[in-house]
Amino acid sequence: MPHKIGFFTICVMCVVVLVGCDRRSARPKVVVRWESTISHPEMREPVGLAMVGGVLAVSDAKSSVVFRFDPQGKPLDRWPTGDTPTTLGRPMHLGADSAGRLYVPDYLNDRVVVLRADGSVAFAFGESGTGAAQFDAPAGVAIDADGRIYVTDFNNHRVQQFTAEGTFIRVWGTHGQDKPAAFNYPTDLAIGPDHRVYVADAYNHRVQVFTPDGEYLASWGGSGRTPGRFNAAVGIDVDPKGRVYVADEFNHRVQVLSSEGKPLGQWGAKGTQAGEFDSPTDVAIGADGRVYVADYGNARVQVFTVRFENGKQNRKDAE
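Throughout this description, residue numbers start from 1 for each chain and increase along the sequence as written. For this predicted model, a pLDDT threshold of at least 70 governs which residues receive local features, and a threshold of 80 or more governs which side-chain atom pairs are given and counted, while totals over whole chains, interfaces and linings are taken from all residues. Excluding hydrogens and water, the side-chain figures rest on all heavy atoms present in the structure.

**Q** Hey, could you run me through the overall build of the protein chain in this one?
**A** Of the regular secondary structure elements, the protein chain holds 1 helix and 29 strands. Of the contacts made within the protein chain by residues no fewer than 6 positions apart, 47% connect residues no fewer than 24 positions apart. Within the structure as shown, the protein chain displays about 13600 Å² of accessible surface, and the carbon and sulfur contribution to it stands at 49%. Counting from the N terminus, the helices are the DSSP runs of H or I reaching at least four residues and the strands are the DSSP runs of E reaching at least two. Any two residues whose heavy atoms approach within 4.5 Å are treated as being in contact. Method for areas: the Shrake-Rupley scheme with a 1.4 Å probe, in which residue coverage is limited to the protein chains shown.

Now the structure itself:
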């Protein structure tokens, strides 16, 4: 269940001033408010998050289970259960579809396991290798509006695309640095409302953007601490307005960028207090706008409300 940490946490609020503001307009800003912490006695290394029908799913890499919590942070159940024959090996960044199914990248078993809302296995796909429909440590999953499945193939340094049934469609990416469509251990990806595919290219310290067919469009970032740069861009999600949230792991913060890569704001610092992180690894945005962050090193998930203000348009932007 959620709990509060420290005396001051009830009123924790971070105000982050955006960069690059036009002098003729009011200075835009992001207002971030800490809401709660979600934890579990058995949670050790929360890595991936997904919202499935209002339920928060959290993958725990060390315990090799997926925990589920209600909107108030109360534990519901876990998968696999004691009587489930299927086992997981270090589940990573989760995905979810509109039908309420959860997609679990089974990192050590080189496959993706798809779960129905009741926790039963719908199907699984993938095997070890470097060919089509083969994986070497799948790390992240996203599903687009047409049901197509995208998987970051971590050690193969590429993205693979599948039909809704898990049939291979295409693959893109090579191992490399500073080149379009070259990856250095991609960990996660998300689909925006513009249908573009945003890939967290973790150890190239950047986000790369593609069409649904794998055509390269842009890359943002690079190694650093200034706004818009990353020290391991490992987790990613996109809100309904196209704003991109990135878990900037070793900078111990979350950054928010526009759909074109402009830095909009950031929050977090290394620590154990509310609003502080120890190697955040993923971000998930709920239907109510709450932002959930997997706080890996602190073995918890933190929940925030994020409001965007821009002069006279602040009410509209906050929606």
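So that's the structure; there's more coming.
**Q** Even after reading the chapter, I still don't get the nonpolar core, so can you show me in this structure?
**A** The tendency in soluble globular proteins is for nonpolar side chains to be buried as a group. For the purposes of this section, nonpolar cores are sets of buried Ala, Val, Leu, Ile, Met, Phe, Trp, Tyr and Cys residues that join through side-chain atoms within 4.5 Å. A simple rule labels every residue: compare its accessible area, found with a 1.4 Å probe on the protein chains alone, to the largest value its type can have, and call it buried under 20%, exposed over 50%, or partly exposed in between. Ranked by size, the top nonpolar core spans 21 residues in total, and within it Tyr245, Trp267, Val291, Val293, Phe304, Val306 and Phe308 carry the most contacts. Listing elements by their share of this core, those giving two or more residues are strand E2 (29-38), strand E24 (244-248), strand E25 (253-257), strand E26 (263-267), strand E27 (280-285), strand E28 (291-295) and strand E29 (300-309). Discounting residues that sit within four places of it in the chain, Val291 has contacts with Tyr245, Trp267, Val283, Ala284, Gln302, Val303, Phe304 and Val306.

**Q** Mind showing me how you'd approach the pattern of salt bridges here?
**A** Opposite charge on two side chains permits them to pair, given that their charged atoms come into close proximity. The term salt bridge refers to a side-chain nitrogen of Lys or Arg lying within 4 Å of a carboxyl oxygen of Asp or Glu. Under the definition given, this model contains 19 salt bridges. Arg307 is paired through a salt bridge with Glu309; the nearest N and O atoms lie 2.8 Å apart. Classification of Arg307 as partly exposed rests on a relative accessible area of 36%.

**Q** Could you clarify how one ought to interpret the environment of Ile191 in this entry?
**A** If you trace the backbone, Ile191 turns up in strand E19 (residues 186-191). The sequence separation of Ile191 and Asp237 amounts to 46 residues, and the corresponding C-alpha distance is 7.8 Å. Setting aside residues no more than four positions away along its own chain, Ile191 makes contact with Ala142, Ile143, Asp144, Tyr150, Arg196, Val197 and Val238.

**Q** For this particular structure, what's the right way to read the sheet that holds strand E6 (residues 75-79)?
**A** Hydrogen bonds between backbone atoms are what pair the strands of a sheet, whose relative direction is either parallel or antiparallel. Any two strands with at least two DSSP-identified bridges between them are counted as paired. Pairing within the open sheet is antiparallel, and its 4 strands lie in the order E3-E4-E5-E6. Both outer strands of the open sheet, strand E3 (46-52) and E6, are each paired with one neighbouring strand and no more. Averaged over all pairs of adjacent strands, the angle between their axes in this sheet comes to 20°, without regard to strand direction. Across 4 bridges, strand E5 (residues 65-69) lies against E6 in antiparallel orientation. Within E6, the position partnered with Arg68 by the bridge is Asp77. As a rule, the C-alpha atoms of each element are fitted with a line to give its axis, helices using only the stretch in contact, and angles between N-to-C directions run from 0 to 180 degrees.

**Q** Sorry if this is basic, but what is going on with the side chain of Gln255 here?
**A** Take Gln255: it is sitting in strand E25. Given a relative accessible area of 1%, Gln255 falls into the buried group. A 3.5 Å cut-off defines polar contacts: any pair of N or O atoms within that distance qualifies, except that in protein one atom must be a possible hydrogen donor and the other a possible acceptor, and neighbouring residues in sequence count only when both atoms are side-chain atoms. From its side chain, Gln255 meets the backbone nitrogen of Gly228 in a polar contact 2.8 Å long. Other than its neighbours up to four places away in sequence, Gln255 contacts Thr226, Pro227, Gly228, Arg229, Phe230, Val244, Tyr245, Val246, Asp248, Gly265 and Gln266.

**Q** I would appreciate a short explanation of the packing of aromatic side chains in the present structure.
**A** Two aromatic rings, drawn from Phe, Tyr or Trp (for Trp, its six-membered ring), form a pair once their centres lie within 6.5 Å of each other, and the interplanar angle then sorts them: stacked below 30 degrees, edge-to-face above 60, tilted otherwise. Across all of its chains, the model carries 16 aromatic pairs by this definition. With a centroid separation of 5.9 Å and 55° between ring planes, the pair formed by Tyr107 and Phe154 is classed as tilted. Placement of the pair is Tyr107 in the loop between strand E8 (102-106) and strand E9 (111-115) and Phe154 in the loop between strand E14 (149-153) and strand E15 (158-162), with a sequence separation of 47 residues. Summarising the burial analysis for this pair, Tyr107 and Phe154 share the class buried. Ring centres of Tyr185 and Tyr203 lie 6.3 Å apart, and the angle between their planes is 75°; on these two criteria the pair is classed as edge-to-face. Placement of the pair is Tyr185 in the loop between strand E18 (182-183) and E19 and Tyr203 in the loop between strand E20 (197-201) and strand E21 (206-210), with a sequence separation of 18 residues. Taking the relative accessible area as the measure of exposure, Tyr185 reaches 28% and is therefore partly exposed. One aromatic cluster in this structure is built from Phe123, Phe125, Phe135, Phe162 and Phe168.

**Q** Hey, could you run me through the pairing of E14 in this one?
**A** The buried fraction of E14 is high, at 5 of 5 residues. Where burial is concerned, the two faces of E14 agree: the one with Ile149, Val151 and Asp153 and the one with Tyr150 and Thr152 are both buried. One ladder, built from 5 bridges, connects strand E13 (residues 138-143) with E14; its direction is antiparallel. When the sheet's bridge partners are listed, Ile143 is paired in E14 with Ile149.

**Q** Got a minute to help me understand unusual backbone geometry in this structure?
**A** Trans is the prevailing form of peptide bonds, just as negative phi is the prevailing case for residues other than glycine. Cis peptide bonds are those with omega within 30 degrees of zero, and the linkage from Trp79 to Pro80 qualifies with -5°. Of note, Pro80 is situated in the loop between E6 and strand E7 (95-96). Of note, Arg90 is a non-glycine position whose phi angle comes to about 60°, a positive value. Assignment of secondary structure puts Arg90 in the loop between E6 and E7. A residue is classified by how much of its surface remains accessible, and Arg90, at 26% relative accessible area, is partly exposed.

**Q** Before we go on, may I ask you to explain the side chain of Gln208 in this structure?
**A** By secondary structure assignment, the location of Gln208 is in strand E21. At a separation of 2.8 Å, a polar atom in the side chain of Gln208 contacts the main-chain carbonyl oxygen of Ala182. For Gln208, the contacting residues outside a window of four places in its chain are Lys179, Pro180, Ala181, Ala182, Phe183, Val197, Tyr198, Val199, Asp201, Tyr216, Ala218 and Ser219.

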